[in-house]
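Residues per chain, in single letters:
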Amino acid sequence: MMHPFSSYEAYIERYKMFWSEEGDGRPPILSEAEFRKKFQLLRESYRTYWEMIRSGQESEAAHYYLNVINPLENELAIADGADNFLLDDENQ
């Protein structure tokens, strides 16, 4: 299932809004191939995260979110992908 924020064009728009200030530690703009790879990694990371939650590993899931998911979301200029990947998770 494709979501509106999964397109490269949407990423470029979000990047310009999310990282609007120079010198704010923003990551470099990803190429379209890099974007697709990292977006798929984010999708898979959310699956892992939800599996941890379901198996009662809340503390580990919180650590995983902070150290894996959040940096990926920042690179992809996605404020919070959780709601967008819930449908993916439920369809598995």
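Residues numbered from 1 in each chain as written. Predicted model: local features only at pLDDT ≥ 70, side-chain atom pairs only at ≥ 80, totals over all residues. Heavy atoms only, no water.

1. Section: unusual backbone geometry
Under the convention used in this document: For every residue, the accessible area (1.4 Å probe, protein chains only) is compared with the maximum for its type, and the residue is labelled buried under 20%, exposed over 50%, or partly exposed between those bounds.
Here the phi dihedral of Ala77 falls at roughly 55°; this positive angle occurs in a residue that is not glycine. Given the relative accessible area of 4%, Ala77 is considered buried.

2. Focus on the confidence of the model for the chain
Note the threshold: pLDDT: the predictor's confidence for each residue, scored from 0 to 100. Secondary structure elements follow DSSP: runs of H or I no shorter than four residues count as helices, runs of E no shorter than two count as strands, and numbering proceeds from the N terminus. The contact criterion used throughout is that any non-hydrogen atoms of two residues lie within 4.5 Å.
Residues with a pLDDT of 70 or more make up 77% of the chain, whose mean pLDDT is 83. By mean pLDDT, the top-scoring element of the chain is helix α2 (residues 32-54) (95), and the lowest-scoring one is helix α4 (residues 82-90) (55). In this model, residues 87-92 is a region of pLDDT below 50 whose contacts with residues beyond four sequence positions or in other chains number ten contacts.

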